[in-house]
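Structural characterization, general
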Amino acid sequence: MLKNVFDWCKRHIVLFTIAAVVFVVMFGFINVQILHMTSEPEFCHLCHPAQGFGPLAEVDSWEHSAHGDAGVSCLDCHGRPGLIGYAKAKLGGLKDTYMQLTISREEKLEILSNPHEDLVPSWHCLYCHSDEGNKIVRETTRGPMKLVNMRMLDDVVNPEFRERKGLADIMEEDYVGGVHFDHSLHIEEFDLTCRDCHFGVVHNPATATDRMNFCLTCHADAGGDAPQMADCKVCHETQVAMNEGTGVEGIETIPSLMYGDAADMTCTDCHTGVTKGVFRPSSATCTDCHDDDTYKSIFNEWAETTKARIETLKAVRVEVEAALLDADAAKRNTAEAWATYEQALRNLKFVRNDGTNGVHNYEYVTAILDSVAADFKKVMTQLDSVW
Ligand code: HEC
Ligand code: HEC
Ligand code: HEC
Ligand code: HEC
Ligand code: HEC
Ligand code: HEC
Ligand code: HEC
Ligand code: HEC
């Protein structure tokens, strides 16, 4: 019987070879597909299914995070860079599965509520967020970075990646995420880790008030030249620029009606609660000075229109970036289009970093968002012209 099979193969050696190659390729493909499938957030969702934030809600919280928006997937953070890092993450997945079957729900919650401090170590964040950190990992990773397209991590080469995503080199720049803050000074001088300030960065974000309070543990009484609590302007670079109506190249200066010498107003005229630890005012503050409830509706109108426009532009951004990547894959000349895109991204970030949906300077915000929309359109036109 076996002999017959061998005989057949010998007689049809070409056919056999083709069949064997097809089989191996198919098998490999299916394996890669399984690897790929079990890396997707949908898969993680099977066992991490809750809604909201915190333990068990890791997939849902990720979906609503800046990282989720930017396409940074679970294994981009929870696996180490390189092929070996990927394989290790896969073995970790096997352990997860084993644990799922053997431990109680309470034990699982206990583990998820107390993530190990090295679960995602600082160097791993720096791989994407600094040029030096990226270089070190690339130089010291043994073995190939990747086999096939599995995840974003293995294509991250800085500064290009950073710039295209509109991110700062956090160890070199001291204007990050809208705040004047020198990461390397603080991290090196006080031995802080990313987790000290960005704990829960994806799954259970600390509030901005928490973060400012952390700064104040030193900056309420830091001595020397260090800024003090009343020096809002030193730390809040974006909000100052927004109130002054500056900060975006190519758009004329439009100062806020309610800031500076003209109105004789400063930050704490609206931010009246700071000394009591309430940093954030609300529509109720409008009527401190304007004795008419319509000003509350004006606040809401500003906030709603701005929010809706930002959401629309975020969706457009995703489409435009995809079009750019497609054009790159087709080896078209995209340099000019990327430059326009990065400018639009910077300006959109400026508005998001201000964080007030237009309250600080509605007229200026409107002008900026107009220019962002125009730039996104321009990118598509530029792409059409470089076929
Ligand atoms: C079959 C169920 C199951 C699936 C699917 C699953 N997990 Fe888990 N996961 C668990 C269990 C149970 C634990 C707690 C026990 C442990 O640490 O393994 C856990 C814990 C974790 C932890 C914390 C480990 C620690 O030590 O604190 C991370 C991170 C994690 N999972 C990520 C993922 C990612 C990413 C995926 C998708 C690629 C995923 N999990 C898919 C069941 C699962
Ligand atoms: C695979 C690359 C990658 C890794 C790894 C990574 N990030 Fe990011 N991160 C990004 C991208 C891309 C964005 C941009 C999101 C956007 O468009 O606003 C971002 C945004 C951020 C932001 C600003 C938005 C926010 O959520 O507040 C912070 C802070 C941040 N990352 C911190 C971290 C920390 C801390 C780690 C490690 C636990 C980390 N990142 C790991 C790629 C990465
Ligand atoms: C002492 C607190 C502190 C520590 C420690 C810290 N950060 Fe930050 N980080 C901040 C603040 C403040 C901002 C400004 C915006 C904000 O609050 O989200 C910021 C912003 C960022 C941003 C956003 C940059 C952008 O262009 O939008 C990234 C990325 C980031 N940090 C990554 C890291 C990483 C990676 C580490 C660890 C190596 C780290 N941070 C450690 C306080 C800290
Ligand atoms: C930007 C990096 C980043 C991404 C992307 C990311 N995580 Fe996490 N994850 C962390 C960090 C950092 C921790 C450690 C605790 C903390 O700071 O929130 C963590 C903690 C966890 C934990 C431990 C329990 C907990 O809630 O803290 C689980 C489980 C987990 N992540 C699963 C996931 C899954 C599933 C995805 C994809 C849907 C994902 N993570 C995407 C950075 C990330
Ligand atoms: C562990 C104490 C400590 C914490 C926490 C801390 N700082 Fe500082 N910071 C200092 C000290 C001390 C200096 C003065 C250092 C010097 O001039 O050498 C300083 C300097 C500064 C400066 C002026 C130097 C510069 O970069 O221009 C800024 C701005 C600043 N910190 C912002 C922040 C912000 C924002 C936070 C919170 C995210 C923060 N700091 C958290 C201790 C701290
Ligand atoms: C030492 C630096 C520093 C100083 C000085 C400072 N802040 Fe902050 N503040 C921060 C940081 C960092 C955050 C978090 C920003 C973020 O996450 O985007 C913050 C957050 C805030 C928030 C947002 C709170 C929330 O929960 O939404 C408000 C409002 C604010 N600050 C107002 C002020 C005002 C007004 C002053 C001056 C009286 C001031 N800050 C002084 C660093 C500072
Ligand atoms: C006309 C009143 C007014 C003035 C003047 C003003 N603010 Fe605000 N600010 C607000 C209001 C209202 C909010 C909350 C907006 C909201 O919740 O949508 C806010 C929010 C903020 C936030 C939080 C942004 C975020 O990311 O969540 C910061 C930081 C801030 N202001 C800083 C400043 C600084 C610094 C100045 C001075 C340069 C200033 N503000 C001047 C009314 C004002
Ligand atoms: C500390 C006092 C103060 C607070 C608080 C304040 N404003 Fe004003 N507002 C002014 C001054 C001063 C002017 C400029 C004088 C003028 O032209 O009437 C002004 C002008 C305006 C104008 C344009 C002129 C007008 O009267 O229609 C609008 C709209 C406005 N403010 C809305 C708001 C909203 C919305 C809030 C709440 C976020 C707010 N203001 C909070 C003092 C304040």
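Residues numbered from 1 in each chain as written. Chains lettered and ligands numbered in written order. Predicted model: local features only at pLDDT ≥ 70, side-chain atom pairs only at ≥ 80, totals over all residues. Heavy atoms only, no water.

1. A word on the site of ligand 6
Neighbouring residues of ligand 6: 17 residues in total, closest Thr 209, Met 212, Cys 232, Cys 235 and His 236. In this structure, an oxygen atom belonging to ligand 6 sits 2.4 Å away from a side-chain N or O atom of Thr 209. Taking His 236, its side chain carries an N or O atom lying 2.8 Å from a nitrogen atom of ligand 6. The element that contributes the greatest number of residues to the shell around ligand 6 is helix H14 (residues 208–219), accounting for 6 residues. Grouping the constituent residues of the shell around ligand 6 by class yields 8 nonpolar, 6 polar and 3 charged. (Near = heavy atom within 4 Å. Polar contact = N/O pair within 3.5 Å; in protein donor to acceptor, adjacent residues only side chain to side chain. Helix = DSSP H or I, 4+ residues; strand = E, 2+ residues; numbered from the N terminus. Nonpolar A, V, L, I, M, F, W, Y, C, P; charged D, E, K, R; others polar.)

2. Quick word on the packing of aromatic side chains
A ring pair, where both rings are aromatic, is described by two values, the distance of the centres and the angle of the planes. Summed over the entire model, instances satisfying the criterion amount to 3 aromatic pairs. Ring plane angle 80° and centroid distance 5.6 Å describe the contact between Trp 338 and Tyr 341, whose orientation is recorded as edge-to-face. Here Tyr 341 and Trp 338 lie together in helix H20 (residues 335–354), a separation of 3 residues that amounts to about one turn. Here a set of aromatic residues connected by ring pairs shows up, and it is made of Trp 338, Tyr 341 and Phe 376. Sitting above the plane of the Trp 338 ring, Arg 164 keeps its charged end 3.9 Å from the centroid. (Phe/Tyr/Trp six-rings, centres within 6.5 Å; stacked < 30°, edge-to-face > 60°. Lys NZ or Arg CZ within 6 Å of the ring centre and 35° of its normal.)

3. Some points on the coordination of the iron atom of ligand 3
The iron atom of ligand 3 binds to the protein through His 183 (NE2) and His 198 (NE2), with metal-donor distances spanning 2.0 Å. Note that the iron atom of ligand 3 binds 6 donor atoms; their angles at the metal cover 86 to 178°, and the shape is octahedral. Linking His 183 in helix H12 (residues 183–190) with His 198 in helix H13 (residues 194–198), this pair joins segments that are 15 residues apart in sequence. Take His 183: its relative accessible area is 11%, and that puts it in the buried class. (Donors = N, O, S within 2.8 Å, 3.2 Å for Na, K, Ca; no water. Tetrahedral: all angles 85-135°; square planar, octahedral: opposite > 155°, others 65-115°. Buried < 20%, exposed > 50% of the residue type's maximum accessible area, 1.4 Å probe, protein only.)

4. Side note on the domain arrangement of the protein chain
The domain architecture assigned to the protein chain consists of domain 1 (2–37), domain 2 (41–206) and domain 3 (234–384). Using only C-alpha atoms to locate each centre, domain 2 and domain 3 end up separated by 28 Å. Carbon and sulfur atoms supply 40% of the area that domain 2 and domain 3 bury against each other, a total of about 1,200 Å² over both sides. Contact with domain 3 buries surface across domain 2, with Arg 164, Tyr 175 and His 180 losing the most and accounting together for 46% of the total. On inspection of domain 2 and its partner domain 3, the count reaches 3 salt bridges. Note that Asp 69 is salt-bridged to Lys 314, the shortest N-O span being 3.6 Å. (Domains from an automatic or database assignment. Buried area = accessible area lost by both parts, 1.4 Å probe. Salt bridge = Lys/Arg side-chain N within 4 Å of Asp/Glu carboxyl O.)

5. Let's talk about the pattern of salt bridges
Tallied over the full model, the rule gives 9 salt bridges. Of the charged contacts in the structure, one is a salt bridge between Arg 164 and Asp 328, with a shortest N-O distance of 3.1 Å. Taken as a pair, Arg 164 in helix H11 (residues 160–164) and Asp 328 in helix H19 (residues 294–329) lie far apart in primary sequence, 164 residues in all. When the shortest N-O distance is used, the salt bridge between Lys 165 and Glu 321 registers 3.0 Å. Here Lys 165, found in the loop between H11 and strand S1 (175–176), pairs with Glu 321, found in helix H19; they are 156 residues apart in sequence, far enough to count as distant. Each member of the pair, Lys 165 as well as Glu 321, is classed as buried.

6. A word on the site of ligand 5
Close to ligand 5 lie His 180, Phe 181, Asp 182, His 186, Phe 190, Phe 214, Cys 215, Cys 218, His 219, Ala 226, Pro 227 and Val 234, which account for all nearby residues. At 2.9 Å, a side-chain N or O of His 180 approaches an oxygen atom of ligand 5. At 2.8 Å, a side-chain N or O of His 186 approaches a nitrogen atom of ligand 5. Only H12 and H14 provide two or more residues apiece to the shell around ligand 5. Broken down by element, the shell around ligand 5 gets its largest block of residues, 4 residues, from H14. Residues belonging to the shell around ligand 5 are distributed by class as follows: 8 nonpolar, 3 polar and 1 charged.

7. Observations concerning the coordination of the iron atom of ligand 8
Metal coordination angles in their ideal form are 109.5 degrees for the four-donor tetrahedron and 90 or 180 degrees for the six-donor octahedron. Here the iron atom of ligand 8 is held by Met 258 (SD) and His 290 (NE2), and the distances to it run 2.0 to 2.2 Å. Metal-centred angles of 85 to 179° between the 6 donor atoms at the iron atom of ligand 8 mark the site as octahedral. You can see Met 258 sitting in the loop between helix H16 (237–244) and helix H17 (267–270) and its partner His 290 sitting in the loop between helix H18 (283–289) and H19, a full 32 residues away along the chain. Residue classification places His 290 among the partly exposed positions, given a relative accessible area of 27%.

8. Describing helix H7 (residues 82–102)
With 21 residues, H7 should cover 30 Å at 1.5 Å per step; its first-to-last C-alpha distance of 31 Å lies within 8% of that length. Gly 82, Gly 85, Tyr 86, Ala 89 and Lys 90 are the residues of H7 that are buried. All buried residues of H7 fall inside an arc of 145° around its axis, so they share one side. For H7, the exposed residues set more than 90 degrees away from the buried face come down to Ile 84, Lys 88, Leu 91, Leu 94, Lys 95, Tyr 98 and Leu 101. (Expected span 1.5 Å × (residues − 1). Arc of directions from axis to C-beta.)

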